[in-house]
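# Architecture at a glance
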Amino acid sequence: MRAQRVPVDYRPRSARLSSLSAVTGLNVMSDPCSFSSFTRCVTKHLNLHLHLDFDRHVIRGRVALTVEALEDRFSTLTLDSSDLSVVSVTANGQPARFSLGPKHSFKGTPLEITLPFDLSRGQHVIVEVTYETSPSATALQWLTPEQTAGKKHPYLFSQCQAHHCRSMIPCQDTPSIKHTYYAQVSVPKDLVAVMSAVRDGQEVDPQDSGRIIYRFRQTVPMPSYLIAIVAGALESREIGPRTRVWSEKEFVDKAAFEFSETEAMLKTAEELAGPYVWGQYDVLVLPPSFPYGGMENPCLTFATPTLLAGDKSLSGVIAHEISHSWTGNLVTNKTWEHFWLNEGHTVYLERMIGRCLESEQFRQFKAIGGWKDLQDSVNTFGANNPLTNLVPSLQDVSPDDAFSSVPYEKGFALLYYLEEQLGGPEVFMGFVKSYIQRFAYSSVTTEEWKNYLFAYFKDKVDILNKVDWNAWMFTPGMPPVKPQYDTTMADACNALSQKWLQAKDQDLNSFKRSDVKTLSSHQVIEFLSLLLQEDPLPLTHVKKMQEIYDLNAYMNAEIRFRWLRLCVRSRWEEAVPLALKMATDQGRMKFTRPLFREVFNFEKFRDEALRVFLAHRAGMHPVTSGLVSKDLKVDVSNAASQ
């Protein structure tokens, strides 16, 4: 007799609690990733004074939080913090008692503040915290001049998503709370500072004539994870009526060319989703160690330099970040368990922009590629891993460890499936636009999204009731339904990949340079992705592919990344140094982690992968080095001493 599997409720704690609250009448909504008590009080505004110290790699900060009490006799509050040295706390100018609680593995340390008076529900207090960050703050990467393109000046950038803002600013670090902010940032006069806000002038620092204070104003309420700061030898070029591109001067003209279609994308997004409310839309190209493809910081999208392919083929990343101006920044997931609400809708909107600017076939083609990325993530995590749920439980799980393409592509697949069921792209885009208007400036849960979906399509509830919501939301692995995507653009990629997979040695001379020359960059990426889904090709085939197609010469990062993985998998030893070079020349996790994993899995070069990682680790972003350490099973305590 087969052992009975005990059914596990894989719904996130918030979903289990919300059904519990329906029974008990209690509001037990909480964020498993934050110490701050957002049911008791909410931050309305932050006023920041930041002094960037490039010698000590710290920010000396003073933050005034305007906090509204949500209950009577309110006298204590908890802020999130991580590795901060807190100097003093005041409340409305009076000294306030404070203490730091025990340190949690990834949540940091609760900062407990006792006010010298009580507040009534609805009253505001200004809590001012004077503090200093740690040189190892997880939100910040301090680059030496050698790590920049210009090699002359240091550089600082922040990456607060998901839960790292607390290492830069003591705050209620949860996406369920939105606030405005004003900032004054002091930097050495050779550097320029920019933030995720509208620029509001500059002046010589009255305390130090060798420094400049830059001022910023963000009038649209936003969650803490979208606070962003950069300081470096930055230049900018105007590329549209509301867009400048920023980077070191070595990249700025290339970036201005690459992102010249930004305004067309913004206009298309506005037609689809409604007015752009953030005023400015600038793009900042970061140094190579930036761990993500892009980051949707309001008014200032961060972009990886790996997008500068010279052929505008990677503009999908900018379409994605533009889309976040509505889904993510304007309507935000209430906790990281509902991250798919940010990313699934953003991928959906990004592909709708592609549909408008290219074609429906192009949208379908990108969806096919996305399904493969989802398959890769499910394979990496394991098909029974609850982190492959669309809505996972993050009780005692760091959002960094849960990060994958699942919320993006499983989320998109659900929305596309609903689009097919409910009447096509125009009909479903009508819902998405209405959802954005309904929940603008707020944070939502999956349950609220679903209730609104049922209300909007009230005449199609019978169709919605047939959806297997439990399988889509709370079951690990691939989605319960695979959409039938249009394969027109994929057929050429399929045919070529099949030809290579079936070729015997004597057939290798039938391949020609024109095989790939007739394909777009997107199709070459798809061709290589298809080969990566199969058993490794014989080494003879991969060498022949290089001889005919000269794939080593491709500078497009998406192509190069897949090609080098294919070579290492086929045990082509000459590709190993190229793969490790790409893994360390840039730090985008999408590329760096799989490249290290491929070399690590090539038994003969396992030690080499470890050696190269340990040699480059200090120059990596802390989130990247932490995750690569886990991938390569490096004992962090031992490695630190090596």
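Residues numbered from 1 in each chain as written. Predicted model: local features only at pLDDT ≥ 70, side-chain atom pairs only at ≥ 80, totals over all residues. Heavy atoms only, no water.

## Some remarks on the nonpolar core
With 205 residues, the main nonpolar core has Val-129, Phe-259 and Trp-449 as its most contacted residues. In terms of residue count, helix 8 (residues 406-422) provides more of this core than any other element does, nine residues in total. Among all residues touching Val-129, those that are not within four sequence positions of it are Gly-61, Arg-62, Val-63, Leu-65, Leu-79, Val-86, Ser-88, Val-89, Leu-111, Ile-113 and Pro-170. (Core = buried A, V, L, I, M, F, W, Y, C linked by side-chain atoms within 4.5 Å. Buried < 20%, exposed > 50% of the residue type's maximum accessible area, 1.4 Å probe, protein only. Helix = DSSP H or I, 4+ residues; strand = E, 2+ residues; numbered from the N terminus. Contact = heavy atoms within 4.5 Å.)

## Let's talk about the UniProt feature "active site" (unreviewed entry) in the protein
Per the UniProt record, the feature "active site" (unreviewed entry) sits at Glu-321 and Tyr-408. Considering the C-alpha atoms alone, the annotated residues occupy 88 residues of sequence yet fold into one spot, their largest mutual distance being 12.8 Å. Looking only at the residues we just named, the second largest cavity is lined by Glu-321. Overall, Glu-321 belongs to the buried group, its relative accessible area being 5%. Every residue in contact with Glu-321, bar those within four places of it in the chain, is listed here: Tyr-281, Gly-294, Met-295, Glu-296 and Thr-301. A polar atom in the side chain of Glu-321 sits 3.3 Å from the backbone nitrogen of Glu-296. Mapped onto the elements of the fold, Tyr-408 is located in helix 8. The buried category is assigned to Tyr-408, whose relative accessible area is 17%. Ignoring any residue separated from it by four or fewer positions in sequence, one finds Tyr-408 in contact with His-320, Phe-339, Glu-343, Gly-344, Val-347 and Phe-403. (UniProt positions renumbered as here; feature names shortened; annotations may be inferred. 1 Å grid on protein atoms, 1.4 Å probe; cavity = no way out; pocket = protein on both sides within 12 Å on 5 of 7 lines; lining within 4 Å. Polar contact = N/O pair within 3.5 Å; in protein donor to acceptor, adjacent residues only side chain to side chain.)

## What about the packing of aromatic side chains?
In total, this model carries 37 aromatic pairs according to the counting rule given. Between Trp-336 and Phe-339, the aromatic rings sit 5.7 Å apart at their centres with planes inclined by 70°, giving edge-to-face as the arrangement. Like Phe-339, Trp-336 is buried. Residues Phe-527 and Tyr-549 carry aromatic rings whose centres are separated by 6.5 Å and whose planes lie at 75° to one another, so their mutual orientation is edge-to-face. Linking Phe-527 in helix 15 (residues 521-532) with Tyr-549 in helix 16 (residues 539-549), this pair joins segments that are 22 residues apart in sequence. Across from the ring centre of Phe-35, 4.9 Å away, lies the NZ or CZ of Lys-107, which sits over that ring. Sitting above the plane of the Phe-511 ring, Lys-499 keeps its charged end 4.8 Å from the centroid. (Phe/Tyr/Trp six-rings, centres within 6.5 Å; stacked < 30°, edge-to-face > 60°. Lys NZ or Arg CZ within 6 Å of the ring centre and 35° of its normal.)

## Structural notes on the pattern of salt bridges
Applying the stated rule across the entire model yields 37 salt bridges. Asp-83 is the partner of Lys-103 in a salt bridge, and the nearest nitrogen-oxygen pair spans 3.0 Å. In this pair, Lys-103 is assigned in the loop between strand 6 (97-100) and strand 7 (109-119) and Asp-83 in the loop between strand 3 (74-81) and strand 4 (85-91), connecting sequence segments 20 residues apart. Since its relative accessible area comes to 59%, Lys-103 is described here as exposed. (Salt bridge = Lys/Arg side-chain N within 4 Å of Asp/Glu carboxyl O.)

## A few points about empty space enclosed by the protein
Inspection of the entire model under this criterion finds two cavities of 30 Å³ or more. One number sums up the size of the second largest cavity: a volume of about 40 Å³. What lines the second largest cavity is simply Tyr-276, Trp-278, Tyr-281, Glu-296, Asn-297, Pro-298, Cys-299, Leu-300, Thr-301, Glu-321, Ser-325 and Asn-329. Among the residues making up the lining of the second largest cavity, the classes are represented as six nonpolar, four polar and two charged. (Points joined across faces, edges and corners; volume = space filled by probe spheres on them. Nonpolar A, V, L, I, M, F, W, Y, C, P; charged D, E, K, R; others polar.)

## Some thoughts on the UniProt feature "binding site: Zn(2+)" (unreviewed entry) in the protein
The UniProt record marks His-320, His-324 and Glu-343 with the feature "binding site: Zn(2+)" (unreviewed entry), using the residue numbering of this structure. Considering the C-alpha atoms alone, the annotated residues occupy 24 residues of sequence yet fold into one spot, their largest mutual distance being 9.1 Å. Locating His-320 in the fold gives a position in helix 4 (residues 316-323). Apart from residues no more than four positions distant in its own chain, His-320 is found in contact with Glu-343, Thr-346, Val-347, Glu-350 and Tyr-408. Looking at the element boundaries, His-324 is found in the loop between helix 4 and strand 21 (331-333). If we ignore the near neighbours within four places in the chain, the residues touching His-324 are Glu-296, Asn-329, Leu-330, Asn-342, Glu-343 and Thr-346.

## Digging into unusual backbone geometry
Cis geometry is adopted by the peptide bond preceding Ala-162, which originates at Gln-161 and carries an omega value of 5°. When you line up the elements, Ala-162 lands in the loop between strand 10 (155-158) and strand 11 (179-188). Despite not being glycine, Asn-92 has its phi angle at roughly 50°, a positive value. By the element assignment, Asn-92 lies in the loop between strand 4 and strand 5 (94-95). The backbone of Cys-299 shows a phi angle near 70°, a positive value even though the residue is not glycine. In this fold, Cys-299 is placed in the loop between strand 19 (294-295) and strand 20 (300-303).

## Observations concerning the sheet that holds strand 17 (residues 243-248)
Spatially, the five strands line up as an open sheet ordered 16-17-18-20-19, and their pairing is mixed. Each end of this open sheet is capped by a strand with a single partner; those strands are strand 16 (234-240) and strand 19. Contacts from helix 2 (residues 249-258) reach strand 16, strand 17 and strand 18 (282-285) within the one sheet, and its direction differs from that of strand 17 by about 145°. (Pairing = 2+ DSSP bridges. Axes fitted to C-alpha atoms, helices over the stretch in contact; angles between N-to-C directions.)

## Overview of helix 5 (residues 339-357)
Over its 19 residues, helix 5 extends 27 Å from the first C-alpha to the last, a length consistent with the 27 Å expected when each residue adds 1.5 Å. Among the 19 residues in helix 5, 16 count as buried, and that is most of the element. (Expected span 1.5 Å × (residues − 1).)

## Thoughts on the domain arrangement of the protein
Accessible area lost during the coming together of the parts is what is often quoted as the interface size. Partitioning the protein into structural domains gives domain 1 (30-143 + 151-228), domain 2 (233-325), domain 3 (330-474) and domain 4 (487-632). Inter-centroid distance (C-alpha atoms) of domain 2 to domain 3 is 24 Å. With 17 residues of domain 2 at the contact, the number on the domain 3 side is 18 residues. Counting the surface lost from both domain 2 and domain 3, the interface buries some 1500 Å², and carbon and sulfur atoms represent 69% of this. For the pair domain 2 and domain 3, the interface holds five residue pairs in polar contact (both at pLDDT 80 or more). Contributing elements (two or more residues each) for the side of domain 2 that touches domain 3: helix 3 (262-273) and helix 4. Broken down by element, the residue count for the side of domain 2 that touches domain 3 peaks at six residues, all from helix 3. (Domains from an automatic or database assignment. Buried area = accessible area lost by both parts, 1.4 Å probe.)

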